[in-house]
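# Analysis of the macromolecular model
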Amino acid sequence: KLEQAISIYRKVLAFKPEYAEAHNNLGNALLDLGKPEKATQSFQKALSLNPEYTEALNNLGAALCDLDRAHEATVCYRKALDLKPEYAEAHNNLGSALRDLNKMKEAEVSYRRALKLKPELAETHSNLGNILRNRGKINESIKSYRKALKLKPRFAEAHHGLGTVLKEAGRWEEAIGGYQKALD
């Protein structure tokens, strides 16, 4: 289906090359297909047509992260947030890029901002759990993973993270349960 979507977006762009949203959507399809370099080109084209297109900035950041260019990604996320400070997903993605740059304290702040704006983001609760675990805040980490799992009960990564932090806390039986749920 992604190949079909890509074909449709390319046909649309053949008739209307100035359609920024189609370039952004093409970029998303390419990114989902595992082609971040080509996706980056589509997002950049969308931004050349509309430099304040926050979704394209966020998506360009995601593609750059996939290319191990986290520093460049943070620039995209920060620009998107300058334009749209309430953009929770960009705060989450900035947190992930900062984590990749080993800036754990800043990543924690970004994740918390995202959750203040959109407390229903299960992935962000899990991301925050990872950071808190890495920063030695075990009880807070457990709470974060549990919030993620309350929102998304079959979230394997959160089950695994919870199992890991419980193991680190010496709560072996609970840890095993978390790992088993991650495998289900």
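See the structure shown above.
Please read all numbers here as calculations on a predicted model, not as lab measurements.

Thresholds applied
- Residues numbered from 1 in each chain as written.
- Predicted model: local features only at pLDDT ≥ 70, side-chain atom pairs only at ≥ 80, totals over all residues.
- Heavy atoms only, no water.
- Salt bridge = Lys/Arg side-chain N within 4 Å of Asp/Glu carboxyl O.
- Buried < 20%, exposed > 50% of the residue type's maximum accessible area, 1.4 Å probe, protein only.
- Helix = DSSP H or I, 4+ residues; strand = E, 2+ residues; numbered from the N terminus.
- Patch = residues over 30% accessible without salt bridge, like charges linked within 9 Å, V, L, I, M, F, W, Y side chains within 5 Å.
- Areas by Shrake-Rupley, 256 points an atom, 1.4 Å probe, with all protein chains shown as cover.
- Expected span 1.5 Å × (residues − 1).
- Contact = heavy atoms within 4.5 Å.

## Here we look at the pattern of salt bridges
In total, this model carries 12 salt bridges according to the counting rule given. One salt bridge connects Glu72 with Arg69, and the closest N-O pair in it is separated by 2.9 Å. Exposure remark for Arg69: the relative accessible area of 32% places this residue in the partly exposed category. With a shortest N-O distance of 3.6 Å, Glu106 and Arg78 are connected by a salt bridge. Here Glu106, found in helix α7 (residues 104–117), pairs with Arg78, found in helix α5 (residues 70–83); they are 28 residues apart in sequence, far enough to count as distant.

## Here's the deal with a nonpolar patch on the surface
A cluster of nonpolar side chains, Ile8, Val12 and Tyr19, forms an exposed patch at the surface whose accessible area comes to about 230 Å². Summarising the element assignment, Tyr19 is placed in the loop between α1 (2–15) and α2 (20–32). Judged by relative accessible area, which is 34%, Tyr19 ranks as partly exposed.

## Digging into the side chain of Ser144
Structurally, the position occupied by Ser144 is in helix α9 (residues 138–151). Taking the relative accessible area as the measure of exposure, Ser144 reaches 4% and is therefore buried.

## Let's talk about helix α6 (residues 88–100)
Between its first and last C-alpha, α6 extends 19 Å over 13 residues, near the 18 Å set by a 1.5 Å rise per residue. Residues of α6 that are buried: Ala88, Ala90, His91, Asn92, Leu94, Gly95, Ser96, Ala97 and Leu98. Its buried side turned inward, α6 meets α4 (54–66), α5, α7 and α8 (122–134). Within two residues after α6, Asn102 carries a phi angle of roughly 65 degrees, on the positive side.

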